[in-house]
Amino acid sequence: KEDYEGYEGYIFSTANLAINDSEDKKFNLVQNNGMFTFTKNKLTLMANLGHNWNRQTNYDGYFFKRYTFMDMTEEKVPNRNGAPDYRQNSATGFGYVSADYMFNEKSSMSIVYSPNINHNRTEETSTILRTTSDEEDEFVQDSRIHTNNNGHIVGVFYRNDMNRIKFNVDFNYRLSSQ
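Throughout, residues of each chain are indexed from 1 in the direction in which the sequence is written. Where local features are concerned, this predicted model is filtered to residues with pLDDT of at least 70; where side-chain atom pairs are given and counted, the filter is 80 or more; whole-chain, interface and lining totals use all residues. As a convention, hydrogens and water are excluded, and side-chain values are obtained from all of the structure's heavy atoms.

Visitor: How would you sum up the overall build of the protein chain? Please name residues and give values.
Guide: Secondary structure summary: the protein chain contains zero helices and nine strands in total. To get the radius of gyration, use the C-alpha atoms; to get the globule rule, take the number of residues to the power 0.38 and multiply by 2.2 Å. Taking 178 residues into account, the globule formula puts the C-alpha radius of gyration at 16 Å, and the protein chain, at 27 Å, lies well above it. Each of the 178 residues in the protein chain was classed as buried or not, and the buried ones make up 22%. Accessible surface area values rest on a Shrake-Rupley calculation with a 1.4 Å probe, where residue burial reflects the displayed protein chains alone. Carbon and sulfur atoms make up 53% of the accessible area of the protein chain, which totals about 13000 Å². Note on charges: Lys and Arg go in the positive column, Asp and Glu in the negative column, and His and the chain ends are not counted at all. Throughout, a charge is located at the NZ atom of Lys, the CZ atom of Arg, the CG atom of Asp or the CD atom of Glu. One finds the centroid of the 19 positive side-chain charges in the protein chain at a distance of 10 Å from the centroid of its 24 negative side-chain charges. By definition, any uninterrupted DSSP run of H or I lasting at least four residues is a helix, any uninterrupted run of E lasting at least two residues is a strand, and each is numbered from the N terminus. Exposure classes here rest on a 1.4 Å probe applied to the protein chains alone. A residue is buried below 20% of its type maximum, exposed above 50%, and partly exposed in between.

Set out below in structure tokens:
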């Protein structure tokens, strides 16, 4: 159809459950996504956006080390406060938005923007029991890492297929921060 008009889209969401006996929340993965397209005459607009949230928790970490020359052992024991050994929360936002304009049957221009935003937090807590021939000592190792990685991409595209002359022009720019 020469002057088509219309729209379509969808929304999608899913949640995964962890069936366990721990006291933390049972949701460990949530994904949301939506897409929408609108076309009127020579203009098409499109958006596809999504979000993921993920949680990982581990209570079962274990290790045992023996230092023979120092007559010492180290063993991972359950954390006294009931805290998990390992916990990771991550969230990601992603998608793209684009516009496409058709000047005529053989010539068009498009603009695209695509963000990608990531936030990650990892916490590790280990209670270590150190034993020598003389004494027994307990200490806690704690590690916390927070990262943010954000990226943005912009693209402009021109396509031309007129008579004998055919050419495409592309411009892409990427910005990434950590």
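The discussion continues.
Visitor: Summarise a negative patch on the surface; cite the residues concerned and give the values.
Guide: Patch membership requires more than 30% relative accessible area and the absence of a salt bridge. Residues of like charge join within 9 Å; the nonpolar side chains Val, Leu, Ile, Met, Phe, Trp and Tyr join within 5 Å. The rule for a salt bridge is simple: a side-chain nitrogen of Lys or Arg has to be within 4 Å of a carboxyl oxygen of Asp or Glu. A surface patch of negative charge is lined by Asp71, Asp134, Glu135, Glu136 and Asp137. Along the chain, Glu135 turns up in the loop between strand E7 (107-132) and strand E8 (136-162). The exposure class assigned to Glu135 is exposed, which follows from its relative accessible area of 55%.

Visitor: Could you give an account of the environment of Met46, naming the residues involved and the relevant values?
Guide: With respect to the helices, strands and loops of the structure, Met46 is situated in strand E3 (residues 43-58). On the accessibility criterion, Met46 (24% relative accessible area) is partly exposed. Spatially, the C-alpha atom of Met46 lies 48 Å from that of Gly82, the residues being 36 residues apart in sequence. Any two residues whose heavy atoms approach within 4.5 Å at even a single point are treated as in contact. Discounting chain neighbours no more than four positions away, the residues touching Met46 are Phe36, Thr37, Tyr96, Val97 and Ser98.

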